[in-house]
Amino acid sequence: MPESQYMKRAIELARKGEGWVNPNPMVGAVIVKDGKIIGEGYHARCGELHAERNAIASLTESAQGAVLYVTLEPCCHYGRTPPCTQAILEQKISTVIIGSRDPNPKVAGKGVKLLRDAGVTVVEDFMREECDKLNPVFFHYITTRTPYVVMKYAMTADGKIATKTGASRWITGEEARNFVHQMRHGYMGIMAGIGTVLADDPMLNVRLQGRKSPVRIICDSALRIPLNSRICRTAKEYRTIVACAVERGDVGEQTAQKIAFLEHLGIQVVSLPDSDKKVDLKKLTEYLGGQGIDSVLLEGGAELNDSALRAGIVKEVKVFIAPKLFGGAGAKSPVTGIGVETPGQSACLKLERISPIGEDLLLEYRIKDSPQRWGRSQGGGHMFTGIIEEIGRVRCVTIAGSSGKIAISASKVLEKTKIGDSIAVNGVCLTVISIEKDGFTADIMAETVRRSNLGRLGPGDQVNLERAMAADGRFGGHLVSGHIDGTGTVRSMKKEENAIWVTIETTPKILHLIIEKGSVCIDGISLTVAQVGKGFFQVSIIPHTGAETTLLKKHDGDVVNLENDMVGKYIDHLLKQQEPVAPEEEPGGMTMEFLREFL
């Protein structure tokens, strides 16, 4: 049997833990010896044995000299269960083949190192993309400590979630509705707005035998939830949280009595107001993460969907489309609220899959662009100076498919930084999606992975950090956009008195705009070009720059991010527009002679 089949079996086993292991990851393991499976297992429930130990418990013969296929890096720390690396070494397993890397700071490469130090052969990233797809929830939660939010709605073929009278039962068929209950089982929380509660009086539970119901979360700014609603009447049966914008110390007697009665019913009432006296959804996700809730299925309605997109908390969108037409200018669409003014402010989606569910279709999307862009113009951008503020250290990089997240330890750049702000990491402008006391996490888009060196980073790697520059703030170096043009490779470093000459090889496309005494940005560092040659350029690094950045910590062959001078790029673009190049001619570069004449 090919190696891939063993890992596919491990993935199949891992999925059996869906809905039961949260907030832990889904993990499967298969032990192979002499070409046959001698043990297999998966993590079945949170608090119970991990996949590796369950596989060992099922062994039909000695595992000495065997190969372990496991979908996630084995743990090496004591939690609710002993470390799996210990069990692997005790069984004298000779080779461990790993799919996903574990971004948990308690593991994050430590399990692999422990096994290798003990003489075990370890292969990483085997079928990583397939294994990563098991745990987007875990990867997000363990690095941000906020839940992974999935927006779900059902609509007709003409985009309506209700008729013009507000009637919505039922849009989809029975098979799709049963499928939704299976989906609910996979998430720790389910969220709805007060409008949905008032209009539909839902239960928001799971009505399938042998499945668990998620924690119910109601967003109710003014605390309008009826005490006789089904949510309230069943609160002792299903854990329920009502998030409001009512300040406990500033309410009338009637509201105070309502809060007391809701709590008597077993409902957690939490006040998280924003400046508009609405529920602050970012604060709510932070609260839910602190409660150990790693995932939320957002079931609307339309106003809450808009608010969630605007808050930047949505990671996926699942859309059920029914073969029906409702019509009606006043009939609701899935996302109402404020909306956007131009197409450029839209939330962009990437279609992952289409599945027929009975007569209906399920479209599954991933948020393609940074969700903080919803409702904001995408023109212009943040600016940087290329003057590094501090060196951070990578905690973990999680790449799922072609995009992912990066968590970084830092201190200085956290000052006055808020979620949604921009920080340049090795010269790449990233949006902060969560902030901890000693670090932050940011999304890495697919284009960033393709164009930069961020996807090559691992736990412990040092990175250059700079906050975006305010219009009236600090300035130095040269203007940097944080949108890199490509990468280069360090070819040599030579000392000359108190300076270090660094030679960088790169592509003709980048060299085309590099001139002697001009500016270039290397891993976010603003530098003056000392020399340009065929296929390379050189910069001279003074001791202060070397001490305050990561550049002199690089080695020959290391990849660095490069951004050309912005002014040069614009001038070159204008020149090409004014002087069309014949097809047989090579485009000419910008010269110092031209700049002297132009300036």
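A. Here's a closer look at a nonpolar patch on the surface. On the surface, a cluster of nonpolar side chains totalling about 250 Å² of accessible area is made up of L351, I354 and L361. Relative to the helices and strands, L361 is located in strand β14 (residues 360-367). By relative accessible area, which is 38% here, L361 ends up partly exposed.

B. Layout of the packing of aromatic side chains. Tallying each qualifying case throughout the model produces four aromatic pairs. Relative to Y69, the ring of Y6 has its centre 5.2 Å away and its plane inclined at 40 degrees; by these criteria the two rings are tilted. In this pair, Y6 is assigned in helix α1 (residues 3-14) and Y69 in strand β3 (residues 67-72), connecting sequence segments 63 residues apart. Classification of Y6 by relative accessible area gives buried; the value is 4%.

C. A look at the nonpolar core. Among the nonpolar cores identified, the biggest contains 33 residues, and M191, L281, L284, L288, L298, V314 and V317 are the most heavily contacted of them. If you list the elements that add at least two residues to this core, you get β6 (148-156), β8 (215-219), β9 (240-244), α11 (281-290), β11 (295-298), α12 (302-311), β12 (314-322) and β14. It is α12 that provides the largest number of residues to this core, a total of five residues. Apart from the residues within four sequence positions on either side, L298 is in contact with V149, V150, M151, K152, M191, L304, N305, A308 and V314. One finds L68, V70, V112 and V122 within the second-largest nonpolar core, a separate group that totals 24 residues.

D. Layout of the pairing of β9. Burial analysis of β9 places five of its five residues in the buried class, the great majority of the element. Looking at chain direction, β8 and β9 are connected through four bridges and run parallel. Of the residues in β9, the one forming a bridge with I218 is V242. A crossover links β9 with its parallel partner strand β10 (residues 268-271), the connecting element being helix α10 (residues 253-264), and its sense is right-handed.

E. Representation of the pattern of salt bridges in the model. For the structure on display, the rule yields 24 salt bridges. Between D443 and K315 there is a salt bridge, with the nearest N and O atoms lying 3.9 Å from each other. Placement of D443 in strand β19 (residues 439-444) and of K315 in strand β12 is noted, with a sequence separation of 128 residues between them. The partner of R395 in a salt bridge is E436, with the nearest N and O atoms 3.6 Å apart. Taken together, the residues span a long stretch of sequence, with R395 in strand β15 (residues 390-400) and E436 in strand β18 (residues 428-436) at a distance of 41 residues. The partly exposed category is assigned to R395, whose relative accessible area is 21%.

F. Molecular detail of empty space enclosed by the protein. This model, assessed by the stated rule, comprises three cavities of 30 Å³ or more. Approximately 50 Å³ is the volume attributed to the largest cavity. Forming the walls of the largest cavity are F384, G386, I388, A424, G427, N464, L465, E466, V480, G482 and G524. Per-element tally for the lining of the largest cavity: the top contributor is strand β20 (residues 462-467), with three residues. Along the lines of polarity and charge, the residues of the lining of the largest cavity split into five nonpolar, five polar and one charged.

Conventions used here
- Residues numbered from 1 in each chain as written.
- Predicted model: local features only at pLDDT ≥ 70, side-chain atom pairs only at ≥ 80, totals over all residues.
- Heavy atoms only, no water.
- Patch = residues over 30% accessible without salt bridge, like charges linked within 9 Å, V, L, I, M, F, W, Y side chains within 5 Å.
- Areas by Shrake-Rupley, 256 points an atom, 1.4 Å probe, with all protein chains shown as cover.
- Salt bridge = Lys/Arg side-chain N within 4 Å of Asp/Glu carboxyl O.
- Helix = DSSP H or I, 4+ residues; strand = E, 2+ residues; numbered from the N terminus.
- Buried < 20%, exposed > 50% of the residue type's maximum accessible area, 1.4 Å probe, protein only.
- Phe/Tyr/Trp six-rings, centres within 6.5 Å; stacked < 30°, edge-to-face > 60°.
- Core = buried A, V, L, I, M, F, W, Y, C linked by side-chain atoms within 4.5 Å.
- Contact = heavy atoms within 4.5 Å.
- Pairing = 2+ DSSP bridges.
- Right-handed = clockwise from strand over helix to strand, strands pointing away.
- 1 Å grid on protein atoms, 1.4 Å probe; cavity = no way out; pocket = protein on both sides within 12 Å on 5 of 7 lines; lining within 4 Å.
- Points joined across faces, edges and corners; volume = space filled by probe spheres on them.
- Nonpolar A, V, L, I, M, F, W, Y, C, P; charged D, E, K, R; others polar.

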